[in-house]
Amino acid sequence: MPFLLPSPSLRAMWNTVALRSLGRLSPNAASPPLPRLQTLKNRVLERKSRDLHRGKQPAHILQDQGLERTRDVLPCRLGSNKAKYRRWAKTYPVLDGRILSVYRHVFEENLRNSEAVIKRYSELLETVSKGGGENAILRHTQRNKKLFVRERLKLLLDDESFLELSPLAGLNMPYGDVPAAGCLTGIGKICGVWCVFMANDATVKGGTIYPIGVKKQLRAQEIAMQNRLLSVYLVDSGGAFLPLQSELFPDKSHGGRVFYNEAIMSAMRIPQVAVVCGSCVAGGAYVPTMAEETVIIDKIGTLFLAGPPLVKAATGEYVSPEDLGGAKLHSEVSGCSDHFASSEKEAYECIRNAISTLNYDPLPEEVIEHDSPLYSSEELLGLAPQDYRCTLPVKLILSRLMDGSRFQEFKANYGTTLVTGFGHMEGHLVGIVANNGELSHDASLKGSHFVQLCSQRSIPILFLQNTAPHTAEPTSISQAEAHSNRLKAQASMMAAVACAAVPKITIVIGGCYGSESYVMCGRSFSPNFLFLWPNARVALVDSRHFSTVPQAGDNDCTRDESELKHLKEKLEEESSAFYSSARLWDDGVILPQNTRKVIAQCLEILEQQKYQVISPCQYPVIRM
Ligand code: COA
């Protein structure tokens, strides 16, 4: 549907109303007297209000991406976070995080389980950090004279503290191990601006794209769109992994979607830049060509739809990669690249300069001095439930995450199996929705109310998810009625969560079971970020509660036994956090003791949108 621009008089009225609602004008002010010397905040406010009435994203596009809910999501009140924090944060009540002796036994069991799963997690990360293995790295660095992808990131990013997304993706897939899905993605700062990066790892089968690699790139682009983050592609890829072409090429969410997204993102004013730092063959060639600005590296970067072997097969003629699609050719003749770099170092310097020309307002460098929690984050390992039945009160976890262990609880004595309230995470105000038992009728109503409060007040929501694996079957009419009421209340909360126009972060701290996981903003409810603790279980049902094989269909007990064992083992494996992360059902596994840091980083990343000028643009930048 076309978006109609309001008339100038309507626009002026909108501006006034918008500015009033932004708290910059007194209600009686006739016209907005804009100061001559504008501060950064005023400029952003002015531009933001101007953009509100006409700066709509192409609505059909956002709808298509399921992103329209978070369009104008962030608070328009741009008061200093520092001042707000100073004034309010220290008045919230302090949580009692002491672990009572009655909990000690469960705590110890959880701790042992956490240590075991973290050991496995470290082993997997170690495997992933080696990309395609030592030989492939040697071939890549010695023979092909290229930098390993992690070295490239060091040159690209301001510092090494980037948030890597889904590093375990691609492990143990039906088609084998694809370390990091053959492509590193994450969010890091370049020139002070948070950016999403997507970098092929050519040590993994020449950087070719597997189905899981496509999924990973699409997720990174989704994050860029949802959070309005500019994107950098480091392209070093042999294109599609041909043996799996049928899972890569034809469908809507296959390879071509990456290029489609590039155009849409550009039209949404999300800039994208690329470095051709290796081979860009076939489909891979479109990534840099569709980027708004591209650098190609001499003797290393090549870009063509069909490489020299194919030319030889078709024409019998030998042509060198350089002559067919090298840096000189694309910088001087074809125009597929905009900058020529004689080395990798020069290329990353060039792309950093390109980013500095995007005219972005970086986040203000105000450091909010915040209090640390009063209790050790290491103790979260004993609070991470190995099983739903080993769950301890969630406020013990909150007391190890929130600034100063302070928490302004909402409806503390009602629907207590869900804990809701406000607190700060490294100075960022956040609304908390945390499971503390089964999601009862009252708990769901409270959740709906609280989620709407956050949405109304433009406060990001953090869901701490630990949902129950099963619900007891009703044994009476009154129980069945109670179940129906609960279902209705949960449906209301689902609607509230789906429609809350604020950023959402979900951390699965224990169970992610069945339909309650949707209510707690599971993956299908599009949280901006979703991470798992390594102890997390993700499944429709808990296999450990099975005593018979559902619908086994015969009375042969021996067969039942072995079938049950087999089914339990299968479900057990498929429920693990690592299985989930390998398939990109989340944005990665994080350690409990790092949770506060990761959440604070996400909140800072989300904040960047506040300082952006979002002006209307229906068309992408088109390469000429
Ligand atoms: N599909 C499946 N596997 C591929 C592949 C592809 N498109 N391209 C490369 N590979 C595999 C190779 O078979 C090799 O596997 P191995 O390690 O098990 O032997 C591995 O990737 C590395 O390839 P190699 O050629 O040894 O590395 P390289 O660094 O010298 O060159 C490329 C990498 C990508 C430049 C080169 O392999 C190439 O040009 N591949 C063809 C790309 C192509 O035509 N793609 C069309 C996609 S539609």
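Preceding this paragraph is the structure being described.
Because the structure is a prediction, the values reported are computed rather than measured.

**Some remarks on the overall build of the protein**
Phase 1 of the analysis: If you tally the helices and strands in the protein, you get 22 helices and 16 strands.
Phase 2 of the analysis: Burial analysis of the protein (624 residues in total) assigns 53% to the buried set.
Phase 3 of the analysis: Across the protein, the fraction of contacts at a sequence separation of at least 24, relative to all contacts at a separation of at least 6, is 75%.
Phase 4 of the analysis: Counting only carbon and sulfur atoms, one obtains 55% of the accessible surface of the protein, whose full area is about 28100 Å².

**Description of the site of the ligand**
Phase 1 of the analysis: For the ligand, the set of nearby residues contains 14 residues, the closest of which are R143, N144, K205, G238 and A240.
Phase 2 of the analysis: Between the ligand and G238 there is a distance of 2.8 Å, counted from a nitrogen atom to a backbone nitrogen or oxygen.
Phase 3 of the analysis: Out of a free accessible area of 860 Å², the ligand has 55% covered by protein chains.
Phase 4 of the analysis: Within the residue set of the shell around the ligand, elements represented by two or more residues are α6 (134–143) and β5 (272–281).
Phase 5 of the analysis: In terms of residue class, the shell around the ligand is made up of 6 nonpolar, 5 polar and 3 charged.

**Considerations on the pairing of strand β15 (residues 529–532)**
Phase 1 of the analysis: Alternating residues of β15 divide into F529 and F531 and L530 and L532, and every residue in both groups is buried.
Phase 2 of the analysis: With 4 bridges connecting them, strand β13 (residues 504–508) and β15 associate as parallel partners. When the bridges of β15 are listed, I507 appears paired with F531.

**Observations regarding the pattern of salt bridges**
Phase 1 of the analysis: A full pass over the atoms with the stated rule returns 26 salt bridges.
Phase 2 of the analysis: The shortest N-O distance in the salt bridge between R98 and D96 comes to 2.7 Å.
Phase 3 of the analysis: Take R98: its relative accessible area is 55%, and that puts it in the exposed class.
Phase 4 of the analysis: The shortest N-O distance in the salt bridge between E438 and R486 comes to 3.4 Å. Taken together, the residues E438 in the loop between β11 (428–435) and α17 (441–457) and R486 in helix α18 (residues 477–499) connect sequence positions 48 residues apart.
Phase 5 of the analysis: Residue R486 is classed as buried on the basis of its relative accessible area, which comes to 13%.
Phase 6 of the analysis: What emerges from the salt-bridge pattern is a single network uniting K146, R152, D236 and E344.

**Describing the environment of D298**
Phase 1 of the analysis: Relative to the helices and strands, D298 resides in the loop between β6 (293–297) and β7 (302–304).
Phase 2 of the analysis: Here D298 falls in the buried class, since its relative accessible area comes to 12%.
Phase 3 of the analysis: Taking C-alpha positions, D298 is 6.7 Å from S343, a pair spaced 45 residues apart along the chain.
Phase 4 of the analysis: Look past the residues within four positions of D298 in its chain and what remains in contact with it is E322, A327, F340, A341 and S342.

**Digging into the environment of L184**
Phase 1 of the analysis: Among the structural elements, L184 can be located in strand β2 (residues 183–190).
Phase 2 of the analysis: L184 gets classed as buried once you look at its relative accessible area, which sits at 2%.

**Considering the pairing of strand β4 (residues 230–237)**
Phase 1 of the analysis: Of all 8 residues making up β4, 8 are buried, and the element is well covered by its neighbours.
Phase 2 of the analysis: Burial along β4 is two-sided: L230, V232, L234 and D236 and S231, Y233, V235 and S237, pointing in opposite directions, are all buried.
Phase 3 of the analysis: Between strand β3 (residues 193–200) and its parallel partner β4, the chain crosses via helix α8 (residues 211–227), and the hand of that crossover is right-handed.
Phase 4 of the analysis: For the segment spanning β4, helix α9 (residues 256–267) and β5, crossover handedness is right-handed.

**Details of the packing of α8 against α9**
Phase 1 of the analysis: Two elements in contact, α8 and α9, have axes whose closest approach is 10 Å; the angle formed by their N-to-C orientations is 15°. Taken as axis vectors, α8 and α9 run roughly parallel relative to one another. Every pair of crossing elements has a handedness; the one defined by α8 and α9 is left-handed. Across the interface between the two elements, Q217, L218, Q221, A224 and M225 of α8 pack against R257, V258, N261, E262 and M265 of α9.
Phase 2 of the analysis: Across the contact of α8 with α9, the residue classes break down as 5 nonpolar, 3 polar and 2 charged.

**Thoughts on the packing of aromatic side chains**
Phase 1 of the analysis: According to the stated counting rule, one finds 10 aromatic pairs in the structure shown.
Phase 2 of the analysis: When the centroid spacing of 6.4 Å and the interplanar angle of 10° are considered together, the rings of Y121 and F578 count as stacked. On the criterion of sequence distance, the pair formed by Y121 in helix α5 (residues 104–129) and F578 in helix α21 (residues 577–582) is long-range, its members being 457 residues apart. Considered together, Y121 and F578 belong to a single accessibility category, that of buried residues.
Phase 3 of the analysis: One aromatic cluster in this structure is built from Y175, Y210 and F241.
Phase 4 of the analysis: The ring of F107 has R104 lying over it, and the distance from NZ or CZ to the ring centre is 4.9 Å.
Phase 5 of the analysis: Over the face of the ring belonging to Y579 we find R583, whose NZ or CZ atom lies 3.6 Å from the ring centre.

**Regarding the nonpolar core**
Phase 1 of the analysis: Grouped together as the largest cluster of nonpolar side chains are 77 residues, with contacts concentrated most on I187, L462, L464, I505, I507, F529 and F531.
Phase 2 of the analysis: A per-element tally of this core places α8 first, with 7 residues.
Phase 3 of the analysis: Membership of the second largest hydrophobic core comes to 45 residues, among which are F148, L184, F197 and I300.

**Side note on helix α14 (residues 344–356)**
Residues spaced three or four apart along an α-helix point in a common direction, a consequence of the helix completing one turn every 3.6 residues.
Phase 1 of the analysis: Here α14 is 13 residues long and its end C-alpha atoms lie 19 Å apart, about the 18 Å a rise of 1.5 Å per residue gives.
Phase 2 of the analysis: E344, A347, Y348, C350, I351, A354 and I355 are the residues of α14 that are buried. The arc enclosing the buried residues of α14, seen along the axis, measures out at 155°, which places them on a common side. When the buried face of α14 is taken as reference, the exposed residues oriented beyond 90 degrees from it are K345, N353 and S356.
Phase 3 of the analysis: For α14, the elements touching its buried residues are α7 (149–156), β2, β4, β5, β6 and β8 (339–341).

**Points about the sheet that holds strand β12 (residues 461–465)**
Phase 1 of the analysis: Reading across the sheet, the 6 strands line up as β9-β10-β11-β12-β13-β15 and stay open at both edges, with mixed pairing between neighbours. The sheet is open, and its two borders are formed by β9 (408–410) and β15, each paired with just one other strand. Neighbouring strand axes in the sheet, compared pairwise and without regard to direction, differ in orientation by 20° on average.
Phase 2 of the analysis: By the bridge criterion, 3 bridges tie β9 to strand β10 (residues 418–425) in an arrangement that is antiparallel. Residue pairing across strands places Q408 opposite F422, the latter belonging to β10.
Phase 3 of the analysis: Each of β10, β11, β12, β13 and β15 is contacted by helix α22 (residues 595–607), which is oriented at about 165° to β13, the strand it contacts most.

**Some words on the side chain of K504**
Phase 1 of the analysis: Its location among the elements puts K504 in strand β13.
Phase 2 of the analysis: The residues contacting K504, other than those within four sequence positions of it, are I461, F463, V497, A498, C521, P527, N528 and F529.

Reading the values: the criteria
- Once a new chain begins, its residue numbering starts again from 1 and follows that chain's sequence as written.
- Side-chain atom pairs in this predicted model are given and counted only at pLDDT of 80 or more, local residue features only at pLDDT of at least 70, and totals for whole chains, interfaces and linings cover all residues.
- To get the side-chain values, all heavy atoms of the structure are used, and hydrogens and water are removed first.
- Secondary structure follows DSSP: runs of H or I at least 4 residues long count as helices, runs of E at least 2 residues long count as strands, and numbering of each begins at the N terminus.
- Burial status follows relative accessibility: with a 1.4 Å probe on protein chains alone, a residue under 20% of its type maximum counts as buried, one over 50% as exposed, and anything between as partly exposed.
- Any two residues whose heavy atoms approach within 4.5 Å at even a single point are treated as in contact.
- In these tables, accessible area is a Shrake-Rupley quantity obtained with a 1.4 Å probe, and a residue counts as shielded only by the protein chains included in the view.
- One heavy atom suffices: a residue is near a molecule or strand as soon as one of its heavy atoms comes within 4 Å of it.
- In protein, a polar contact means a hydrogen-donor-capable atom and an acceptor-capable atom, both N or O and within 3.5 Å, with residues adjacent in sequence counting only if both atoms are side-chain atoms; elsewhere, any N or O pair within 3.5 Å suffices.
- Throughout this entry, Asp, Glu, Lys and Arg are counted as charged residues, while Ala, Val, Leu, Ile, Met, Phe, Trp, Tyr, Cys and Pro are counted as nonpolar. The remaining residues, Gly among them, count as polar.
- Two strands qualify as a pair provided that DSSP identifies no fewer than 2 bridges between them.
- Salt bridge, as used here: a side-chain nitrogen of Lys or Arg that lies within 4 Å of a carboxyl oxygen of Asp or Glu.
- When the strands point away from the viewer and the connection leading from the first strand across the helix to the second strand turns clockwise, the crossover is called right-handed.
- Orientation is described by axes fitted as lines to C-alpha atoms, over the contacting stretch for helices, and by angles from 0 to 180 degrees between their N-to-C directions.
- Here roughly perpendicular refers to angles of 65 to 115 degrees, roughly parallel to angles under 35, roughly antiparallel to angles over 145, and oblique to all remaining angles.
- Note on convention: near helix rotated counterclockwise from far helix by under a right angle means a left-handed crossing. Clockwise means right-handed.
- Here a Phe, Tyr or Trp ring, Trp counted by its six-membered ring, pairs with any other such ring whose centre lies within 6.5 Å, and the pair is stacked when the planes are under 30 degrees apart, edge-to-face when over 60, and tilted otherwise.
- Ring-over charges, as used throughout, are those where CZ of Arg or NZ of Lys falls within 6 Å of the ring centre and within 35 degrees of the ring normal.
- Nonpolar core, defined: a set of buried Ala, Val, Leu, Ile, Met, Phe, Trp, Tyr and Cys residues in which side-chain atoms within 4.5 Å join the residues together.
- To estimate how far a helix should extend, the number of its residues minus one is multiplied by 1.5 Å.
- Think of the arc as the fan of directions from the helix axis to the C-beta atoms.

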